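Single-letter residue listing:
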Amino acid sequence: MSKYNRRTFMLRLVAGGSALALSRLSLAEEAKKAVLTEDDAYAKSMGFRLDTTQVDQAKYPKHTAEQKCSECQLFSGGPGEPLGPCSFFGKRLVPVDGWCRNFKPKGAA
Ligand code: SF4
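In every chain, residue numbers begin from 1 and rise along the written sequence. Given that this is a predicted model, residues contribute local features only at a pLDDT of at least 70 and side-chain atom pairs are listed and counted only at 80 or more, while totals for whole chains, interfaces and linings are drawn from all residues. The basis for every side-chain value is the complete set of non-hydrogen atoms in the structure, without hydrogens or water.

The name an unreviewed UniProt entry assigns to the chain is High-potential iron-sulfur protein, from the organism Thiocapsa roseopersicina. Quoted verbatim from the Sequence similarities (unreviewed entry) heading of the UniProt record, the comment on the chain is "Belongs to the high-potential iron-sulfur protein (HiPIP) family." UniProt positions are given in the numbering used here, feature names are shortened, and annotations may be inferred rather than shown by experiment.

The next point concerns the packing of aromatic side chains. We call Phe, Tyr and Trp rings a pair once their centres come within 6.5 Å, taking the six-membered ring for Trp, and we label the pair stacked below 30 degrees between planes, edge-to-face above 60, and tilted otherwise. Across all of its chains, the model carries five aromatic pairs by this definition. Ring centres of F88 and F89 lie 5.0 Å apart, and the angle between their planes is 80°; on these two criteria the pair is classed as edge-to-face. A relative accessible area of 7% means that F89 is categorised as buried. The buried label applies to any residue whose accessible area, calculated with a 1.4 Å probe on protein chains only, is under 20% of its type's maximum; exposed applies above 50%, and partly exposed to all values in between.

A separate point is the environment of E66. Here E66 shows up in the loop between α2 (41-45) and β1 (83-86). With a relative accessible area of 60%, E66 lands in the exposed category. Only DSSP runs of H or I with at least four residues qualify as helices, and only runs of E with at least two residues qualify as strands; both kinds are numbered from the N terminus onward.

Structure (structure tokens):
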């Protein structure tokens, strides 16, 4: 390999590595944004909780402990996955044990 070719190769290698690192960073940022939090204003208005056992029973008297995201029609997480997309919240990720007042049991019309 000539000196020029080696230099070109090294520059391309560094540029490629930097691009890869940047794309990984942006993917990580996107993933963080994709997870729904209890602080999200819309989630708050829907009474969203990461853990169904933490739902305010006085405020949501129809809530039961069996109601959780994994049992909701709008949840499309895979088996064994701790999080899954919720179509009600624009495919943002919610935990299997989460809950919001838009809960729709699977199989219900
Ligand atoms: S709509 Fe269903 S899956 Fe989505 S947050 Fe509410 S209970 Fe969970």
